[in-house]
Amino acid sequence: MPNLKNYYITTPIYYVNDSPHIGHAYTSLACDVLARFKRLDGYQVHFLTGTDEHGQKIEKAAEKNEKDPQDFVDEVSLRFRKLSKIMNFSNDDFIRTTEPRHKKVVAQLWQKLIDSGDIYLGKYSGWYSVRDEAFYAESELVDGKAPTGADVEWVEEDSYFFKLSRWQDKLLEYYEEHPEFIAPHSRRNEVISFVKGGLEDLSVSRTSFSWGIPVPQNEKHVIYVWLDALTNYISAVCKDDDLSTFKEIGFWPADLHVVGKDILRVHAVYWPAFLMAAELPLPKRVFAHGWWTNEGQKISKSLGNTIDPVKLVEDFGVDYVRYFLMREVPFGNDGNYSQPSFINRINAELANNIGNLSQRTLALIYKNCEGKIPQAGPLQAADKALLSGVAALLDRISLHMEIQAIHLALGEIVELASKANEYIDTMAPWQLAKTDKERMATVLYVLAEVIRILGAALQPFTPELAAKLLAQLNIDGAYNFSQANIAGALKAGTQIPEPKPVMMRLG
Ligand code: MSP
């Protein structure tokens, strides 16, 4: 029986034609934050990422670099693995489509589609974009280019086709019965109207190059790179290279595929259709996020304005980059990167708000309470109000995270910190130190509880800063939500280390 507390989340697998940039880091970061959140919330999480290494685009990139394709993909794939370390991603696996475990499962899925009568041999003639690895109808072209702006070429070749048209009604029924399957809502509507517009059979093999997984029945053909790539989500959670073992492992169907808006259609139309045809369970949800621009401009190699996540981390530290990317833009919308907005966001919300709150509170405790968490006395209304915010925080965040409203989850954290800053200003415990030590102790205890819950809540987003914040209260190691959600978990008398600022201002 699959474990009810399993949670399986995936990133798209990245093309290895070039080095990773901010867009790649963004998709994986969102998954990392969601994965860490679920782990702390008691789930057995499987977080998968990896690289998409076959197809014409990769073959051409290898040629351009005068490298053997396998050597080339080995080299570039490694850069994505390194990015995972640099960004502190907690993925449980990293799959590469050139691995035998994947290739064997793709061949098995192909066979299932043959057996079900969903694949037939024909001839494709039409437009193809190597950059997008996509077929386009004449009617879709804009000024002779793909709707994405990519170049297209005319292709005429023997091809196997998948009977996508056969699945149109079933897909529409599925969207209807599972309104949560495609998110955000506006994107769901786009997908539905695309499918209602009519689906044509899809070419799923190519013969004009060889860098791919051969069609088992006919080695002149390689399997279309998208059918190959999508299968990674299931091949990674099988054992012994055997598709039928996914049930034993218990992670498939995935709980969430996070993808960019550019590849939603493939995930919300083709992928479920392949799975339905193969009689395999469908993923529970596909969430499409937006795109980043740089200082207002589309990010592209030709404009020379790609943002290197490694450089950002070198300049600002990993957790500031993680915080900014997750907080600045409502997850699902497009967003713009600019250095001033980065600096403002970090200074306003981390350094001046959360950082300042903890430094002020802990310095007062250190100085006035012999470095020990003080004992609270009778609680007043304002204390109770703030403590109820502490008690509610993780549940409120959880509601946002359930629907991938990551920016709103962070908003809850910021709001509680702001309230605590108002409280400290009103209560002025530095005055109470002179006039009413007992009351001061209560106020500082309440504030220490706020810092504790802020530290707990920040763990998925800014793991290192959260650990530092918690260490200031003598809480070490992973602090899961069931431990953190106990009111008054902070015991009076706990010795704390000498406080040091953990969130420095930028610029
Ligand atoms: N290989 C396919 C996915 C196969 S999944 C079975 C692919 N790879 S990709 O490397 O081109 O893109 C991977 C992800 O990066 C996509 O989700 C895409 O939306 C995201 N981004 C690429 N540029 C981006 C921005 N400028 N901003 C945000 N994300 C963007 O597609």
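All values reported here derive from a predicted model rather than from experimental measurement.

When you go through the chain residue by residue, the secondary structure sums to 19 helices and 17 strands. In terms of C-alpha radius of gyration, the chain reaches 26 Å, essentially the compact-globule figure of 23 Å for 507 residues. Across its three principal axes, the chain shows a C-alpha extent of roughly 90 × 50 × 40 Å. The proportion of buried residues among the 507 residues of the chain is 57%. Working note: accessible area of the chain is about 21,300 Å², and carbon and sulfur atoms make up 51% of it.

Relative placement of two packed helices is described by the angle separating their axes and the distance separating the axes. Contact pair helix H15 (residues 406–427) / helix H17 (residues 437–458): the axes reach a minimum separation of 10 Å and the direction vectors enclose 165°. Classified by the interaxial angle, the pair formed by H15 and H17 is roughly antiparallel. Relative to H17, the crossing made by H15 is left-handed. Contacts from Leu 410, Ile 413, Leu 416, Ala 417, Ala 420, Tyr 423, Ile 424 and Met 427 of H15 reach H17 at Arg 439, Val 443, Val 446, Leu 447, Val 450, Ile 453, Leu 454, Ala 457 and Leu 458. When its residues are assigned to classes, the contact of H15 with H17 shows 16 nonpolar, no polar and one charged.

Another aspect to go through is the environment of Leu 172. Positionally, Leu 172 belongs in helix H5 (residues 168–177). Residue classification places Leu 172 among the buried positions, given a relative accessible area of 18%. Residues Leu 172 and Leu 444, 272 residues apart in the sequence, show an inter-C-alpha distance of 57 Å. Look past the residues within four positions of Leu 172 in its chain and what remains in contact with it is Ile 192, Val 195 and Lys 196.

Right, let's get into the pairing of strand S4 (residues 93–96). Along a regular strand, successive side chains alternate from one face of the sheet to the other. Burial along S4 is two-sided: the face carrying Asp 93 and Ile 95 and the face carrying Phe 94 and Arg 96 are both buried. Here strand S3 (residues 44–52) runs beside S4; their pairing, made up of four bridges, is parallel. Counted as the bridge partner of Thr 51 is Arg 96 from S4.

Right, let's get into the packing of aromatic side chains. Tallied over the full model, the rule gives 24 aromatic pairs. Arranged with centres 5.8 Å apart and planes meeting at 65°, the rings of Tyr 26 and Phe 331 form a pair that is edge-to-face. In this pair, Tyr 26 sits in helix H1 (residues 22–40) while Phe 331 sits in the loop between helix H12 (318–327) and strand S17 (335–337), placing the two residues 305 residues apart along the sequence. Geometry around Tyr 43 places Lys 5 over its ring, the cationic atom sitting 4.3 Å from the centre. The aromatic ring of Tyr 128 is capped on one face by Arg 206, whose charged end is 4.2 Å from the ring centroid.

It is worth spelling out empty space enclosed by the protein at this point. Evaluated as defined, the whole model comprises one cavity of 30 Å³ or more. Space inside the largest cavity adds up to approximately 60 Å³. Taken together, Tyr 14, His 24, Ser 28, Thr 49, Phe 80, Leu 83, Ser 84, Phe 89 and Phe 94 make up the lining of the largest cavity. The set of elements that each furnish at least two residues to the lining of the largest cavity consists of H1 and helix H3 (69–86). Taken together, the residues that form the lining of the largest cavity break down as five nonpolar, four polar and no charged.

Attention now goes to the pattern of salt bridges. One pass over the structure, following the stated rule, counts 30 salt bridges. Close ionic contact of Glu 53 with Arg 96 constitutes a salt bridge, the shortest N to O distance being 2.6 Å. With a gap of 43 residues between them, Glu 53 in the loop between S3 and helix H2 (56–64) and Arg 96 in strand S4 connect regions that are remote in the sequence. Accessibility expressed as a relative area gives 0% for Glu 53, which makes it buried. When its relative accessible area of 15% is taken as the criterion, Arg 96 is described as buried. For Lys 239, the salt bridge goes to Glu 248, with nearest N and O atoms at 2.8 Å. When its relative accessible area of 34% is taken as the criterion, Lys 239 is described as partly exposed. Salt bridges sharing partners connect three or more residues here, namely Arg 327, Glu 328, Arg 345 and Glu 349.

A word on the site of the ligand. Not every one of the 23 residues close to the ligand is listed here, only the nearest: Ile 13, Asp 52, Gly 260, Asp 262 and Trp 292. At 3.3 Å from an oxygen atom of the ligand is found a side-chain nitrogen or oxygen belonging to His 24. Within the side chain of Asp 262, one N or O atom sits 2.6 Å away from an oxygen atom of the ligand. In isolation the ligand offers 670 Å² of accessible surface; the protein chains occlude 95% of this area. If you list the elements that add at least two residues to the shell around the ligand, you get strand S2 (14–15), H1, helix H7 (225–230), helix H8 (232–235) and strand S13 (256–260).

Our next topic: H12. Counting buried residues along H12, ten of its ten residues qualify, which places the element largely inside the surrounding structure. For H12, the complete set of buried residues consists of Val 318, Asp 319, Tyr 320, Val 321, Arg 322, Tyr 323, Phe 324, Leu 325, Met 326 and Arg 327.

Our next topic: the sheet that holds strand S6 (residues 134–136). Strand order in this open sheet of four strands is S6-S5-S7-S9, and the pairing throughout is antiparallel. A single partner strand is all that each edge strand has here, and the edge strands are S6 and strand S9 (202–203). Looking at chain direction, strand S5 (residues 119–129) and S6 are connected through three bridges and run antiparallel. Its bridge partner lying in S6, Tyr 128 is registered against Phe 135.

Rules of the game
- Residues numbered from 1 in each chain as written.
- Predicted model: local features only at pLDDT ≥ 70, side-chain atom pairs only at ≥ 80, totals over all residues.
- Heavy atoms only, no water.
- Helix = DSSP H or I, 4+ residues; strand = E, 2+ residues; numbered from the N terminus.
- Rg over C-alpha atoms; globule rule 2.2 N^0.38 Å.
- Buried < 20%, exposed > 50% of the residue type's maximum accessible area, 1.4 Å probe, protein only.
- Areas by Shrake-Rupley, 256 points an atom, 1.4 Å probe, with all protein chains shown as cover.
- Axes fitted to C-alpha atoms, helices over the stretch in contact; angles between N-to-C directions.
- Parallel < 35°, antiparallel > 145°, perpendicular 65-115°, else oblique.
- Left-handed = near helix turned anticlockwise from the far one by under 90°.
- Contact = heavy atoms within 4.5 Å.
- Nonpolar A, V, L, I, M, F, W, Y, C, P; charged D, E, K, R; others polar.
- Pairing = 2+ DSSP bridges.
- Phe/Tyr/Trp six-rings, centres within 6.5 Å; stacked < 30°, edge-to-face > 60°.
- Lys NZ or Arg CZ within 6 Å of the ring centre and 35° of its normal.
- 1 Å grid on protein atoms, 1.4 Å probe; cavity = no way out; pocket = protein on both sides within 12 Å on 5 of 7 lines; lining within 4 Å.
- Points joined across faces, edges and corners; volume = space filled by probe spheres on them.
- Salt bridge = Lys/Arg side-chain N within 4 Å of Asp/Glu carboxyl O.
- Near = heavy atom within 4 Å.
- Polar contact = N/O pair within 3.5 Å; in protein donor to acceptor, adjacent residues only side chain to side chain.

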